[in-house]
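One letter stands for each residue in the lines below.
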Amino acid sequence: MLYEGKAKKIFATADADTVLVEYKDEATAFDGTKRGVIQSKGIVNNRMSAALFALLESEGVPTHFIKTIDGRSMLVKRLQIIPVEVVVRNRVAGSLATRLGLPEGTALRSPILETYYKSDELHDPMVCDSHILVMGWATPAQLQRIKELALRVNEVLRPFFLDRSLELVDFKLEFGLYKGEVVLGDEISPDTCRLWDIRTGEKMDKDRFRRDLGGEREAYVEVLQRIEGGVHDV
Ligand code: TMP
């Protein structure tokens, strides 16, 4: 094992250019201060990320995904991580509602893209382009590419989820470098997206855990089933 994070473990493989990612059921919120377990979350997040990375690759977005290994793990390219979290928002929710004093659910005329410095100790502070460039976290060309890819991911995933009766309210992405190229990394799952059922408005994501709404396992499994297009064992 090379590294254990809050939601995943990373293992070395025989190939120095690839690593194995194992998704855990442990859930945290508020920089790890709230802890719990969502049964089967690791399976859902692995399978959902695999399906979405494959979709994005087919739409021209380079991702770290290589192949699924088993229910909880996937083989990925080993990236040099860029310590910036990119959030794309289609509707006001979460920290944006707090920051701007707007009700959750307020429509946005176009997507908002935000960047945060990935640091639990500092509580992932929001940063602007100058911080990213002057700190040397990315070059101007890399930052431009990150933004272009993040908005492209939104263009691909929004209609994909809408076809499954889910609104992609917002989501967080992480990027890294692989052989000099900017590549999408990390995961795309109900841990990292806000997904609202378009008929009921029900939250189908980690906000169920963050806000003690209950039913998080059922919501995660339902999202996976809508993505996989049927009832599959979880
Ligand atoms: P926020 O409204 O709390 O800033 O979250 C925006 C999006 O980013 C939301 O879809 C959840 C996701 N997110 C993460 O993936 N990791 C985090 O640590 C946080 C705070 C948010």
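This section reports on the structure supplied with the text.

Rules and cut-offs
Each chain carries its own residue numbering, running from 1 in the direction its sequence is written. Where local features are concerned, this predicted model is filtered to residues with pLDDT of at least 70; where side-chain atom pairs are given and counted, the filter is 80 or more; whole-chain, interface and lining totals use all residues. By convention in this description, side-chain values take in all heavy atoms of the structure and omit both hydrogens and water. Numbering of helices and strands runs from the N terminus; a helix is a DSSP stretch of H or I covering at least four residues, while a strand is a stretch of E covering at least two. By the criterion applied in these results, polar contacts are pairs of N or O atoms within 3.5 Å in which, for protein atoms, one can donate a hydrogen and the other can accept it, and in which residues neighboring in sequence qualify only through two side-chain atoms. Angles here are taken between N-to-C directions and fall from 0 to 180 degrees, while the axes themselves are lines fitted to C-alpha atoms, restricted in helices to the stretch in contact. Each angle receives one of four descriptions, namely roughly parallel if under 35 degrees, roughly antiparallel if over 145, roughly perpendicular if within 65 to 115, and oblique otherwise. For any pair of crossing helices, the crossing counts as left-handed if the nearer helix is rotated counterclockwise from the farther one by less than a right angle, and right-handed if it is rotated clockwise. In what follows, residue pairs with any heavy atoms lying within 4.5 Å of each other are defined as contacts. Three classes are used, and their members are as follows: Ala, Val, Leu, Ile, Met, Phe, Trp, Tyr, Cys and Pro are nonpolar, Asp, Glu, Lys and Arg are charged, and the others, Gly among them, are polar. Working definition: residue near molecule or strand if any one of its non-hydrogen atoms lies within 4 Å of it. Values of accessible area rely on a 1.4 Å probe in the Shrake-Rupley scheme; residue burial ignores everything except the protein chains shown.

1. A word on the side chain of D170
Here is step 1 of the chain: Residue position: D170 is located in strand β11 (residues 166–178).
Here is step 2 of the chain: A distance of 3.4 Å separates the side chain of D170 from the side chain of R89, its partner in a polar contact.

2. Notes on the environment of A54
Here is step 1 of the chain: Among the structural elements, A54 can be located in helix α1 (residues 41–58).
Here is step 2 of the chain: When the C-alpha positions of A54 and F11 are compared, they lie 21 Å apart, and in sequence the two are 43 residues distant.

3. Regarding the packing of α1 against helix α6 (residues 216–228)
Here is step 1 of the chain: Look at α1 against α6: their axes get within 10 Å of each other, and the N-to-C directions meet at 30 degrees. With respect to α6, the axis of α1 lies roughly parallel. Crossing geometry of α1 relative to α6 is assigned as left-handed. Contacts between α1 and α6 pair K41, V44, N45, R47, M48 and A51 from the former with Y220, V221, V223, L224, I227 and E228 from the latter.
Here is step 2 of the chain: Of the residues contributing to the contact of α1 with α6, the split by class is eight nonpolar, one polar and three charged.

4. Things to note about the site of the ligand
Here is step 1 of the chain: Around the ligand sit 13 residues, and of these R89, S95, D170, K172 and R194 come closest.
Here is step 2 of the chain: A distance of 2.9 Å is found between an oxygen atom of the ligand and a side-chain nitrogen or oxygen belonging to R89.
Here is step 3 of the chain: Here an oxygen atom of the ligand and a side-chain polar atom of R194 are 2.9 Å apart.
Here is step 4 of the chain: The protein chains hide 76% of the 450 Å² of surface that the ligand would expose on its own.
Here is step 5 of the chain: Of all elements in the fold, only β8 (80–91), α2 (94–100), β11 and β13 (193–197) reach the threshold of two or more residues within the shell around the ligand.
Here is step 6 of the chain: Of the residues forming the shell around the ligand, the biggest block, three residues, is contributed by β11.
Here is step 7 of the chain: When grouped by side-chain class, the residues that make up the shell around the ligand number four nonpolar, three polar and six charged.

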